[in-house]
Amino acid sequence: MERSMLISLIVILLNYVFESVIGSIVNPSLIFYVESVGGTADDYGKALSAACIGMTLMVTFYGNWVDSNGNKYQAPFACTFILGIVGSLVYFLASVLPKGFWAVNAIIFGRFIQGMGAAGKSLIQCWIATAVPHDNMKTVLTVQSMAGNLGTFAGPVLNILVAEINTSVAITSNYSIEINPYNSIGLLVLLNEVLIWVMFALFLKDPPKSKSNKSLALSDGKAATSKAGWKDILKAMKHFDISFPLVQQFLMYASFQLWMTAQSPVAANMLGWTPVEISQLSVVGSVTLMTSMALMAYLSTLKITDFTFIFIGNAAMVVAGLLNYFWWRLDTASVLTFTLPVLLVYFFYPFSGPANQSSYTKAVFTHPETADSVGLFQSLFTQASTLAGIIGPTFVTKFVLNTDTSSPFETTPWALYVPIASLLMIVGLLYEEFVLGKNELGLLKSKPNEEANDNDEVGPDETSNLVADKRKKSTRQSIVEINQVFSRKYEVDRRLSTEIPINGVLLINPFETASEAKLMKKLAQDKEEWEHLLRLDEEMEEMEMKE
């Protein structure tokens, strides 16, 4: 890798460290800030959802901008940081407005603008997808994830320092703005945005242009173009192995939102914790998450099936969901009863995500309706988790958090949606495996005619073609599929769909199951074969023109 690209990559890693540090003080304190200006838990949920809505609206905009300007990043990043600065300023100034409606909605609006700016951070994944060789991608993503986790360790110390902030800034002789531990975070985020913007402007270089075969190296916009219409999409949804992973992705992220949303308000009410103690739990959670990822990297070498990973992940969510409801009580409050369900989710969440992604990807490549639309269906998979991120926080604060002061339970029976949803997913897995005959575990006996078809051993008869259909013998994916899979958009969508939100910072999960790694290796080989064949065609055409 060129020196300029290496420096750019270091800047990107520093960005993840700084973003994680800031996230470790923003999210734990958000509920306290909302309540300090007269807001409620419902307003807190709206603030969380607003950031996700802002991100959702702008992700495609930034991607199209990069596609249309020749893969140049400085202007889109400038827009990202400007929105981040404006959003942070609005977030800070909310405390100046009258308490209640105006101040609360200013916080929500500030979070919305911050989300619009944060959407531009997805450009980092675009940059990595185009600047880093595919063989080195996993290593870079692993280091990137570690950098994001590293920042959480500074959270408790920084929260202690922020808790001591109590000053004011004179605007006129008769008016001054109070700066306290809650609104000061807006200023810290603003300073962070300015610092990273300066670093990106000085050191981040645009990726070099691709040197791949011209016939195959289509622009990302063309590569990601889908031939599928709504009829094709609806037809594909009739396949259980496509629709089931989409439903599971939504429910999995919606379940995860329970802990990400309820953690701060419940910790404050149940244990009397402040942002300092909440950020300390996040440090333990980050260590737990890294341990789980390391374990998954090892287990993937043992060729464990996607079914097994998803089953274990859902079973753990059933246990954590039940513990969450029955242990989060005021009359039996303890650090153990509060933290154990949270840490169970941190540890077992990576089991389900990548395996579900792998199962879905294999299904998309299997059906003819989706053959030339793998990019579109990957985007749909990412949208499932995005939708959960929008709905989840508001749902949790509206229906799950208990406002009945006479009840010892911190959550209402609505919290049981997590174990119920996970149990339904287990039933769906068993149905697909044993009733539909997916047989990923190999426990079912294959039918004789299926074995014959798999081995191409069916004897000829009077209806057989004299010449075998080449499409049945060829296992190489089409050029359209290859271009979509190795496009910037597909890679970004694939990585975003496995992100894990920790303190509001989305950490990439670099882990891939053995089956998905095998599939991507096969696609890379197909890409090389197509490029070789197309080069031969170009050489033949040149020779014919010379003659």
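Residues numbered from 1 in each chain as written. Predicted model: local features only at pLDDT ≥ 70, side-chain atom pairs only at ≥ 80, totals over all residues. Heavy atoms only, no water.

Draft legend 1. Highlighting the overall build of the chain. Counting its regular elements, the chain contains 21 helices and four strands. Looking at the chain as a whole, 50% of its 547 residues qualify as buried. A separation of at least 24 residues holds for 82% of the contacts in the chain among residues at least 6 apart in sequence. Summing over all exposed atoms, the chain offers an accessible surface of approximately 25700 Å²; the carbon and sulfur share of this is 64%. (Helix = DSSP H or I, 4+ residues; strand = E, 2+ residues; numbered from the N terminus. Buried < 20%, exposed > 50% of the residue type's maximum accessible area, 1.4 Å probe, protein only. Contact = heavy atoms within 4.5 Å. Areas by Shrake-Rupley, 256 points an atom, 1.4 Å probe, with all protein chains shown as cover.)

Draft legend 2. How the structure looks around a negative patch on the surface. Residues Asp537, Glu539, Glu541, Glu542 and Glu544 make up a contiguous surface patch of negative charge. If you trace the backbone, Glu541 turns up in helix H21 (residues 514–546). (Patch = residues over 30% accessible without salt bridge, like charges linked within 9 Å, V, L, I, M, F, W, Y side chains within 5 Å. Salt bridge = Lys/Arg side-chain N within 4 Å of Asp/Glu carboxyl O. Lys, Arg positive; Asp, Glu negative; His and termini not counted. Charge placed at Lys NZ, Arg CZ, Asp CG, Glu CD.)

Draft legend 3. Molecular detail of the nonpolar core. Residues Leu30, Ile107, Leu258, Trp259, Trp328 and Phe338 are the most contacted members of the largest nonpolar core, which totals 49 residues. Top element by residues in this core is helix H11 (residues 240–271). It accounts for eleven residues. Other than its neighbours up to four places away in sequence, Phe338 contacts Gln263, Val266, Ala267, Met270, Leu271, Trp273, Leu281 and Trp328. Judged by nonpolar contacts, the second largest core, of 33 residues, contains Val21, Phe81, Ala119 and Phe200. (Core = buried A, V, L, I, M, F, W, Y, C linked by side-chain atoms within 4.5 Å.)

Draft legend 4. Local environment of the packing of aromatic side chains. Taken as a whole and assessed by the stated rule, the structure comprises 28 aromatic pairs. Pairing Phe240 with Phe244 gives two aromatic rings, centres 5.0 Å apart and planes at 10 degrees, and the pair type is stacked. With Phe240 and Phe244 both in helix H11 and four residues apart, the pair spans about one turn of that helix. Pairwise contacts between aromatic rings join Tyr73, Phe77, Phe81, Trp197 and Phe200 into one cluster. Taking NZ or CZ as reference, Arg329 lies 4.4 Å from the ring centre of Phe409, over its face. (Phe/Tyr/Trp six-rings, centres within 6.5 Å; stacked < 30°, edge-to-face > 60°. Lys NZ or Arg CZ within 6 Å of the ring centre and 35° of its normal.)

Draft legend 5. Up close: the pairing of strand S1 (residues 167–170). In this sheet, strand S2 (residues 176–179) lies alongside S1 in antiparallel orientation, the contact comprising four bridges. Following the sheet pairing, Ala170 is matched in S2 by Ser176. (Pairing = 2+ DSSP bridges.)

Draft legend 6. Structural context of unusual backbone geometry. One non-glycine residue, Asn71, adopts positive backbone phi at about 65 degrees. Summarising the element assignment, Asn71 is placed in the loop between helix H2 (41–68) and helix H3 (74–93). One non-glycine residue with positive phi stands out, namely Asn439, at about 55 degrees. Looking at where Asn439 falls in the secondary structure, it is placed in the loop between helix H16 (417–435) and helix H17 (448–454).

Draft legend 7. Geometry of a nonpolar patch on the surface. A surface patch of nonpolar side chains, amounting to about 840 Å² of accessible area, comprises Phe311, Ile312, Leu430, Tyr431, Phe434, Val435, Leu436, Leu441, Leu443 and Leu444. Counting residues per element, the ones that place at least two in the nonpolar patch are helix H13 (306–327) and H16. Considering each element in turn, the nonpolar patch owes the most residues, four residues, to H16.

Draft legend 8. Spatial organisation of the pattern of salt bridges. Using the criterion set out here, one finds five salt bridges in the structure. Taking the shortest distance from any N to any O, the salt bridge between Asp306 and Lys362 comes out at 2.9 Å. Placement of the pair is Asp306 in helix H13 and Lys362 in helix H14 (residues 335–364), with a sequence separation of 56 residues. Residue class for Lys362 comes out partly exposed when judged on its relative accessible area of 28%. The salt bridge partner of Lys438 is Glu440, with a shortest N-O separation of 3.5 Å. Here the salt bridges do not stand alone but share partners, grouping Glu432, Lys438 and Glu440 into one network.

Draft legend 9. A look at H2. Given a rise of 1.5 Å per residue, 28 residues ought to cover 40 Å, and the 42 Å separating the end C-alpha atoms of H2 matches this to within 8%. Its maximal kink placed at Met58, H2 deviates by approximately 30 degrees. Looking at the residues trailing H2, positive phi occurs at Gly70, about 80 degrees. (Expected span 1.5 Å × (residues − 1). Bend = angle between axes of the 7 residues up to and from the residue.)

Draft legend 10. Up close: the packing of H2 against helix H4 (residues 101–118). Running from N to C, H2 and H4 point in directions that differ by 30 degrees, and their axes come no closer than 6 Å. One finds that H2 runs roughly parallel with respect to H4. The chirality of how H2 crosses H4 is right-handed. Facing H2, whose interface residues are Asp43, Lys46, Ala47, Leu48, Ala50, Ala51, Ile53, Gly54, Met55, Leu57, Met58 and Tyr62, H4 presents Val104, Ile108, Arg111, Phe112, Gly115, Met116, Gly117 and Ala118. (Axes fitted to C-alpha atoms, helices over the stretch in contact; angles between N-to-C directions. Parallel < 35°, antiparallel > 145°, perpendicular 65-115°, else oblique. Left-handed = near helix turned anticlockwise from the far one by under 90°.)

Draft legend 11. How the structure looks around the environment of Gln74. Here Gln74 shows up in helix H3. Residue classification places Gln74 among the partly exposed positions, given a relative accessible area of 27%. In the structure, Gln74 is positioned 130 residues away from Leu204 in sequence and 8.1 Å away in space, judged by C-alpha atoms. Beyond its immediate sequence surroundings of up to four residues, Gln74 is in contact with Phe200, Ala201, Leu204 and Asp206. Among the polar contacts listed, one links the side chain of Gln74 to the backbone oxygen of Leu204, at a separation of 2.9 Å. (Polar contact = N/O pair within 3.5 Å; in protein donor to acceptor, adjacent residues only side chain to side chain.)

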